[in-house]
Amino acid sequence: MSCLTTLGFQINCKEAIGGIKAIYLGDYATFANSATLTGNEVDSLATGSVYEFQLPKHTGSFTEEAAISIENGTVYYTQTIVAMFHGMSQQRALQLQNIAKGRNVLWVLDNNDNLWMCGYKDGVEITAFTTASGTAKGDLSGYTVTFTGEEKDKAYYLTVSDTTDVWDDYATITVVPGTL
């Protein structure tokens, strides 16, 4: 396997913005290791449903950090997704509790309309889950959830041709909109 550099980077225009708009959760048994890939891009996905979790602006993030061991000759990527959900309710608490018990494949829609698939091989799991009522009237009354995955490869990219329907290129996917 060749590990040679094949391209360099230029300085791009400053057009990107931070943050994420939504996350989508899919069943690990349905989506793990089942996509058709070209490099780090997803060509097609298995048939199944993904559940949409919309995020208020400035309340979510996606970070991917490489863990590289020169001594052991290994590299893997820790994918961390943090999402904040406003409003506490029995239904939301129960749904998050159930998600915390399982493993999922997770897609991140960032504020640049990029769609990233995390946990494709080993899944993502909730590694932190906080319920807070807040102290002051302007504090969060809701939930902060951290999903973490450790993967051999970086998150996979999904093509988004239509930013009004980010799943338009993937006819096998049924998006279940958020209702809680």
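Residues numbered from 1 in each chain as written. Predicted model: local features only at pLDDT ≥ 70, side-chain atom pairs only at ≥ 80, totals over all residues. Heavy atoms only, no water.

Here we look at the overall build of the protein chain
Phase 1 of the analysis: The secondary structure content of the protein chain amounts to two helices and 12 strands.
Phase 2 of the analysis: Ordering the α and β elements of the protein chain from the N terminus gives β-α-β-β-β-β-β-α-β-β-β-β-β-β.
Phase 3 of the analysis: Over its C-alpha atoms, taken along the principal directions, the protein chain stretches across nearly 55 × 40 × 35 Å.
Phase 4 of the analysis: In the protein chain, which comprises 180 residues, the proportion classed as buried is 33%.
Phase 5 of the analysis: Within the protein chain, contacts between residues at least 6 apart in sequence are counted, and of these 70% link residues at least 24 apart.
Phase 6 of the analysis: Carbon and sulfur atoms form 51% of the exposed surface of the protein chain, whose accessible area is close to 11000 Å².
Phase 7 of the analysis: Computing the positive centroid from 10 side-chain charges and the negative centroid from 20, the protein chain places the two 8 Å apart. (Helix = DSSP H or I, 4+ residues; strand = E, 2+ residues; numbered from the N terminus. Buried < 20%, exposed > 50% of the residue type's maximum accessible area, 1.4 Å probe, protein only. Contact = heavy atoms within 4.5 Å. Areas by Shrake-Rupley, 256 points an atom, 1.4 Å probe, with all protein chains shown as cover. Lys, Arg positive; Asp, Glu negative; His and termini not counted. Charge placed at Lys NZ, Arg CZ, Asp CG, Glu CD.)

With respect to the pairing of strand β4 (residues 48-54)
Phase 1 of the analysis: For strand β1 (residues 20-27) and β4, the ladder comprises five bridges, and the chain directions are antiparallel. When the bridges of β4 are listed, Ala22 appears paired with Gln54.
Phase 2 of the analysis: The sheet contact formed by β4 and strand β12 (residues 173-176) spans four bridges and is parallel. Its bridge partner being in β12, Gly48 is matched across the sheet by Ile173. (Pairing = 2+ DSSP bridges.)

Side note on unusual backbone geometry
Phase 1 of the analysis: Of note, Asn33 is a non-glycine position whose phi angle comes to about 55 degrees, a positive value.
Phase 2 of the analysis: Looking at the secondary structure, you find Asn33 in the loop between α1 (28-31) and β2 (36-38).
Phase 3 of the analysis: The exposure class assigned to Asn33 is partly exposed, which follows from its relative accessible area of 48%.
Phase 4 of the analysis: Backbone geometry at His58 places phi at a positive 70 degrees, although glycine is not the residue there.

Re the environment of Tyr170
Phase 1 of the analysis: Considering the arrangement of structural elements, one finds Tyr170 in the loop between β11 (156-158) and β12.
Phase 2 of the analysis: Under the relative-accessibility criterion, Tyr170 is labelled buried at 4%.
Phase 3 of the analysis: Sequence spacing of Tyr170 and Ser44 is 126 residues, and the spatial spacing of their C-alpha atoms is 6.5 Å.
Phase 4 of the analysis: Excluding its chain neighbours within four sequence positions, the residues that come into contact with Tyr170 are Val42, Asp43, Ser44, Leu45, Leu158 and Thr159.

So, the nonpolar core
For soluble globular proteins, nonpolar side chains are generally found buried alongside one another.
Phase 1 of the analysis: Core analysis: the biggest nonpolar cluster contains 23 residues, and Tyr24, Leu45, Trp107, Leu115, Met117, Leu158 and Trp167 have the highest contact counts within it.
Phase 2 of the analysis: Broken down by secondary-structure element, the contributors of at least two residues to this core are β1, α1, β7 (104-110), β8 (115-118) and β11.
Phase 3 of the analysis: Considering each element in turn, this core owes the most residues, three residues, to β7.
Phase 4 of the analysis: What Leu158 contacts, discounting residues up to four positions off in sequence, is Val42, Leu45, Trp107, Leu115, Trp116, Met117, Trp167 and Tyr170. (Core = buried A, V, L, I, M, F, W, Y, C linked by side-chain atoms within 4.5 Å.)

Structural notes on the packing of aromatic side chains
Phase 1 of the analysis: If you walk through the whole model with that rule in mind, you get eight aromatic pairs.
Phase 2 of the analysis: Ring geometry for Phe129 and Tyr143: centres 6.1 Å apart, planes at 50 degrees, overall tilted. Taken together, the positions of Phe129 in strand β9 (residues 124-132) and Tyr143 in strand β10 (residues 142-151) put the pair 14 residues apart, joining distant regions of the chain.
Phase 3 of the analysis: Judged by relative accessible area, Tyr143 falls into the buried class, the value being 2%. (Phe/Tyr/Trp six-rings, centres within 6.5 Å; stacked < 30°, edge-to-face > 60°.)

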